Amino acid sequence: MHEMGLVLQAIDELKEVCEANDVTRLISVTLEIGEASMVEQDYFRTCWDAAVNDTDWKQVKLKIHIVKAKGRCLTCAHEFYIKENDQTCPYCGAKDNFYPVTGKDLEISEIEAE
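Presented here is a report on the structure given in the accompanying data block. (Residues numbered from 1 in each chain as written. Predicted model: local features only at pLDDT ≥ 70, side-chain atom pairs only at ≥ 80, totals over all residues. Heavy atoms only, no water.)

### Here's the deal with a nonpolar patch on the surface
At step 1: A contiguous nonpolar patch, built from L74, Y99 and V101 and spanning about 300 Å² of accessible area, is present on the exposed surface.
At step 2: Along the chain, Y99 turns up in strand β5 (residues 98–102). (Patch = residues over 30% accessible without salt bridge, like charges linked within 9 Å, V, L, I, M, F, W, Y side chains within 5 Å. Areas by Shrake-Rupley, 256 points an atom, 1.4 Å probe, with all protein chains shown as cover. Salt bridge = Lys/Arg side-chain N within 4 Å of Asp/Glu carboxyl O. Helix = DSSP H or I, 4+ residues; strand = E, 2+ residues; numbered from the N terminus.)

Structural data, given as structure tokens:
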């Protein structure tokens, strides 16, 4: 389960942002998790809860926004949603012949703080 490592990395990055901006209290954090990032949302939430339990961040609200994975077909160059089209280009019918364009990352997109 690599989600715990990703949670700890996100917490380290959040601490740096909070210190750099003189944040006294973190209220919520919004993460964008790509469909193709190999991050299981439920595991990530469970790991987040375990990592912040018994800390000052226990009350921080974790918000997750899933970013759809989009690919560019290597046959016809059209972009399409990978999961919705079962990895098949709806324009030319090529299967499993694409380059992922979006939906691969895990990013901190928003922080609410005081």
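### A few points about the sheet that holds strand β3 (residues 70–73)
At step 1: With antiparallel pairing, 3 strands are arranged side by side in an open sheet as β4-β3-β5. Strands with a single pairing partner mark the edges of an open sheet, and in this sheet they are β4 (79–81) and β5. Ignoring strand direction, the axes of neighbouring strands in this sheet form an average angle of 40 degrees.
At step 2: Here β3 runs beside β5; their pairing, made up of 4 bridges, is antiparallel. Paired with C73 across the strands is F98, a residue of β5. (Pairing = 2+ DSSP bridges. Axes fitted to C-alpha atoms, helices over the stretch in contact; angles between N-to-C directions.)

### Overview of the pattern of salt bridges
At step 1: Taken as a whole and judged by the stated rule, the model has 4 salt bridges.
At step 2: The partner of E84 in a salt bridge is K68, with the nearest N and O atoms 2.4 Å apart. Of this pair, E84 sits in the loop between β4 and β5 while K68 sits in the loop between β2 (61–67) and β3, and the two are 16 residues apart along the sequence.
At step 3: Taking relative accessible area as the criterion, K68 reaches 42% and is therefore assigned partly exposed. (Buried < 20%, exposed > 50% of the residue type's maximum accessible area, 1.4 Å probe, protein only.)

### A short note on helix α2 (residues 41–52)
Each α-helix turn comprises 3.6 residues. Residues three or four places apart therefore point the same way.
At step 1: The terminal C-alpha atoms of α2 lie 17 Å apart, and with 12 residues this matches the ideal 16 Å at 1.5 Å per residue to within 8%.
At step 2: Every buried residue of α2 is accounted for by F44, C47, W48 and V52. Looking straight down α2, one finds that the buried residues subtend no more than 120 degrees of arc, so they occupy a single side. Across from the buried face of α2, at angles greater than 90 degrees, the exposed residues are D42, T46 and D49.
At step 3: Contacts made by the buried residues of α2 are with α1 (3–20), β1 (26–34), β2 and β6 (106–113). (Expected span 1.5 Å × (residues − 1). Arc of directions from axis to C-beta. Contact = heavy atoms within 4.5 Å.)

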